[in-house]
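Examining the three-dimensional arrangement
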Amino acid sequence: LNLNLHVSLSVCLSIPDTVAVLPAPQDLSVHSTNMKHLLMWNPVIVPGETIYYSVEYQGEYESLYLSHLWIPSHWCSPTKSTECDVTDDITATVWYNLRVRATLGSQTSPWSTLEHPFNRNSTILTPPKIEVTKDGFHLVIELEELGPQFEFYVAYWRSKPGAKEYVKVVKSGGIPVHLETMEPAARYCVKAQTFVKAIERRSAFSQAECVEMQGEALPLALALFAFVGFMLLLVVVPLSIWKMGQVLQYSCCPTVVLPDTLKITNSPQKLISCRREEVESCAMSVLSPEELLRAWI
């Protein structure tokens, strides 16, 4: 027995020192805000060396129907960073397992798995940033762009006691949206919240932003008078031009109208003379021009 122990000890002492095993990344966690999911971990430190990391995920479908298949992350296999945006990998509202391992040359560390599976319905929804402006008489807002999954509920009202609050659904951010035509010397306020249909959740409302219309618009009565005056101008000016044309035409080139007695409907050689008492008999005579002139005189 002592001889066997001595031989085994000699063999162990003759084996050269092996390279230390590369440690696995630690403290995995997911930070998710407004449907942006970021997997983070502590770095593996080897002095003078660059460590690469591989990230894999496993959804409910892969776990139940594909024999616990792990799929490499779209953006982070491999990566030198100690964080990975897994937003494009988390495509369903189910539980996901996530894991990370380190690589140095031909060495790989054991996998380190997220302690608790992640579901995107736990994301933190923050109130949207909103910019409220006025464009002439128009109340205009612009919301921050958060992605195609987001809609916005915008509430706006005139700032006075008993004013009604209106709500408008805005399908996307990043573009100006007209809310209402403002009245002069009035103050309007706006607030907004996000809604994500995929997880059926809303954020809190943002702080109300207000703008006031004052000193930039004419009084309504003055604006009405200006409009009526403009319409009258459109009617009076063309009518005046037409009337002036008629006056100039009559002044320069007058039209001479003959009396009815000088109008001859038939040939100038024929003249019809009838006596009133001889209604049934009418004599037609043909006269020369000289006779016609004497008859008129």
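Everything here concerns the structure above.
I will try to describe carefully the structure that is included in this document. (Residues numbered from 1 in each chain as written. Predicted model: local features only at pLDDT ≥ 70, side-chain atom pairs only at ≥ 80, totals over all residues. Heavy atoms only, no water.)

Quick look at a nonpolar patch on the surface
Heads up, the condition is: To count toward a patch, a residue needs a relative accessible area above 30% and no salt bridge. Like charges then connect within 9 Å, nonpolar side chains (Val, Leu, Ile, Met, Phe, Trp, Tyr) within 5 Å. All accessible-area figures derive from a Shrake-Rupley calculation using a 1.4 Å probe, and residue coverage is judged against the displayed protein chains alone. For this document, the term salt bridge refers to a Lys or Arg side-chain nitrogen within 4 Å of an Asp or Glu carboxyl oxygen. Segments assigned H or I by DSSP are reported as helices when at least four residues long, segments assigned E as strands when at least two residues long, and all are numbered from the N terminus. When accessible area is computed with a 1.4 Å probe and restricted to protein chains, residues below 20% of their type maximum are described as buried, those above 50% as exposed, and intermediate ones as partly exposed.
A grouping of Leu-224, Phe-227, Val-228, Phe-230, Met-231, Leu-232, Leu-234, Val-235 and Val-236 is seen on the molecular surface, where their side chains present a nonpolar patch of about 860 Å² in accessible area. Relative to the elements of secondary structure, Leu-234 occurs in helix H3 (residues 220-252). The partly exposed category is assigned to Leu-234, whose relative accessible area is 48%.

Comments concerning the sheet that holds strand S10 (residues 138-143)
Keep this limit in mind: Pairing between two strands is assigned when DSSP locates at least 2 bridges connecting them. Angles run from 0 to 180 degrees between N-to-C directions of axes, and those axes are lines fitted to C-alpha atoms, restricted for helices to the stretch in contact.
Ordered by their spatial adjacency, 3 strands build an open sheet running S9-S10-S13, and the pairing between neighbours is antiparallel. The open sheet has two edge strands, strand S9 (130-135) and strand S13 (176-181), and neither has a second partner. Mean inter-strand twist for the sheet, computed between neighbouring axes without regard to direction, equals 30°. Where S10 lies against S13, 5 bridges are found, and the strand directions are antiparallel. Looking across to S13, one finds that Val-140 is bridged to His-178.

A word on the state of the cysteines
For clarity, the cut-off: Here, a disulfide means two cysteine sulfur atoms that sit within 2.5 Å of each other.
According to the stated counting rule, one finds 2 disulfides in the structure shown. There is a disulfide in this structure between Cys-76 and Cys-84, and the S-S distance comes to 2.0 Å. Given an S-S torsion of about 100°, the disulfide between Cys-76 and Cys-84 has right-handed geometry. Like Cys-84, Cys-76 is buried. Put simply, Cys-189 and Cys-210 are joined by a disulfide, and their sulfur atoms are 1.9 Å apart. Looking down the S-S bond of the Cys-189 and Cys-210 bridge, the torsion is 105°, so its handedness is right-handed. On the criterion of sequence distance, the pair formed by Cys-189 in strand S14 (residues 186-196) and Cys-210 in strand S16 (residues 209-213) is long-range, its members being 21 residues apart. A relative accessible area of 4% means that Cys-189 is categorised as buried.

Some remarks on the sheet that holds strand S2 (residues 36-42)
Read across the open sheet, the 3 strands follow the order S1-S2-S5; overall the sheet is antiparallel. Strands at the two margins of the open sheet, each flanked by one partner only, are strand S1 (26-33) and strand S5 (83-85). Adjacent strand axes in the sheet meet at a mean angle of 20°, parallel and antiparallel pairs treated alike. Of the strand pairs in this sheet, S2 and S5 are connected by 3 bridges, and their pairing is antiparallel. In the strand pairing of S5, Met-40 is matched with Glu-83.

What about the pairing of S14?
The buried fraction of S14 is high, at 9 of 11 residues. Relative to S14, strand S11 (residues 150-158) runs antiparallel, the two sharing 9 bridges. Looking at S14, one finds that Phe-150 is bridged to Val-196. Bridge count between S14 and S16: 5 bridges; the pairing is antiparallel. What sits directly across from Val-190, in S16, is Glu-209. For S14 and strand S15 (residues 201-202), the ladder comprises 2 bridges, and the chain directions are antiparallel. Residue pairing in the sheet places Val-196 in a bridge with Arg-201 of S15. In sequence, S14 turns back onto S15 through a hairpin of 4 residues, with Glu-200 there showing a positive phi of about 55°.

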